[in-house]
Amino acid sequence: WMGRKANVNQGSAAEQWFEAVDEYVGYFRPSNDDRVVLNQPFNEEVERIEQFCRTIAKISRNYRLLAKRISSLPIPSTLPEAQRYRDLHANWYSDQALLYEDMVRPRKPARTKEELDGIMKDLNDRSEGLAEQFTTLQVMDLDLRKKYGVHAARYDDALRDYTTRDLPEHIKQQLDAKR
């Protein structure tokens, strides 16, 4: 009976911890309006470019705050695996914020097409790397939640859909199977 009660307590501590993570992610994630602004064409309109830059700044700021909040969450003694997950999760949001900042950071104009292509390739490579990391974090999240009997994440993060859009179908199926 004591072992069973201990498992119930483990589950509730784990559930509370994951719910705190979910609350932070839900609060700081980009809004639907933000997503629309990020995906609309510029059409050579200065207003749209300025709106895009403001939205990027807002999302970046929110991701930095989210990373701080997640990294400050205390780890329950019954959930030791959560520390590594927490740290990796916070690092991902910090790295994503930096990528967003670098997208709109003022810089000297590229002197050649090759130089511009290099800048764009660097941003794209970093974006793809972060997308792969996010996928791994999602799997890690699902595995931990399953191990401790915690429900799936409260908020369906559209960022996951965006970052996994180019994944091979068999990997998407594996992720969906673990949801």
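For the structure, check the block above.
Residues numbered from 1 in each chain as written. Predicted model: local features only at pLDDT ≥ 70, side-chain atom pairs only at ≥ 80, totals over all residues. Heavy atoms only, no water.

Bringing the overall build of the protein chain into the picture now. Each helix and strand counted, the protein chain has 7 helices and 0 strands in total. Starting at the N terminus and ending at the C terminus, the protein chain contains elements arranged as α-α-α-α-α-α-α. Scored against the burial criterion, the 179 residues of the protein chain give a buried share of 32%. A fraction of 75% describes how many contacts in the protein chain between residues 6 or more apart in sequence connect residues 24 or more apart. (Helix = DSSP H or I, 4+ residues; strand = E, 2+ residues; numbered from the N terminus. Buried < 20%, exposed > 50% of the residue type's maximum accessible area, 1.4 Å probe, protein only. Contact = heavy atoms within 4.5 Å.)

Bringing the packing of aromatic side chains into the picture now. Aromatic rings in a pair are described by how distant their centres are and how their planes are angled relative to each other. Applying the stated criterion across every chain yields a total of 10 aromatic pairs. Pairing Trp17 with Tyr85 gives two aromatic rings, centres 6.2 Å apart and planes at 65 degrees, and the pair type is edge-to-face. Of the two residues, Trp17 sits in helix 1 (residues 2–28) while Tyr85 sits in helix 4 (residues 82–104), which places them 68 residues apart along the sequence. The residues Trp17 and Tyr85 share a single accessibility class, namely buried. Pairing Tyr63 with Tyr100 gives two aromatic rings, centres 6.1 Å apart and planes at 45 degrees, and the pair type is tilted. (Phe/Tyr/Trp six-rings, centres within 6.5 Å; stacked < 30°, edge-to-face > 60°.)

Taken as a whole, this structure holds 12 salt bridges when the rule is applied. Across the salt bridge formed by Lys58 and Asp34, the nearest N and O atoms sit 3.0 Å from each other. Here Asp34 lies in helix 2 (residues 32–39) and Lys58 lies in helix 3 (residues 46–71), a separation of 24 residues in the sequence. Assessed through its relative accessible area of 30%, Lys58 is described here as partly exposed. Judged by its relative accessible area of 6%, Asp34 is buried. One salt bridge in this structure joins Asp102 and Arg126, with 2.8 Å as the shortest N-O distance. Remark: Arg126 occurs in helix 5 (residues 113–147) and Asp102 occurs in helix 4; sequence separation between them is 24 residues. Overall, Arg126 belongs to the partly exposed group, its relative accessible area being 26%. A single network of salt bridges, built from pairs that share partners, joins Asp102, Arg105, Asp122 and Arg126. (Salt bridge = Lys/Arg side-chain N within 4 Å of Asp/Glu carboxyl O.)

For the rest of this paragraph, the subject is unusual backbone geometry. Phi is positive for Asn43, close to 50 degrees, though the residue is something other than glycine. Position of Asn43 relative to the elements: it lies in the loop between helix 2 and helix 3. By relative accessible area, which is 48% here, Asn43 ends up partly exposed. For Glu44, which is not a glycine, the phi torsion comes out positive at approximately 55 degrees. One can find Glu44 in the loop between helix 2 and helix 3.

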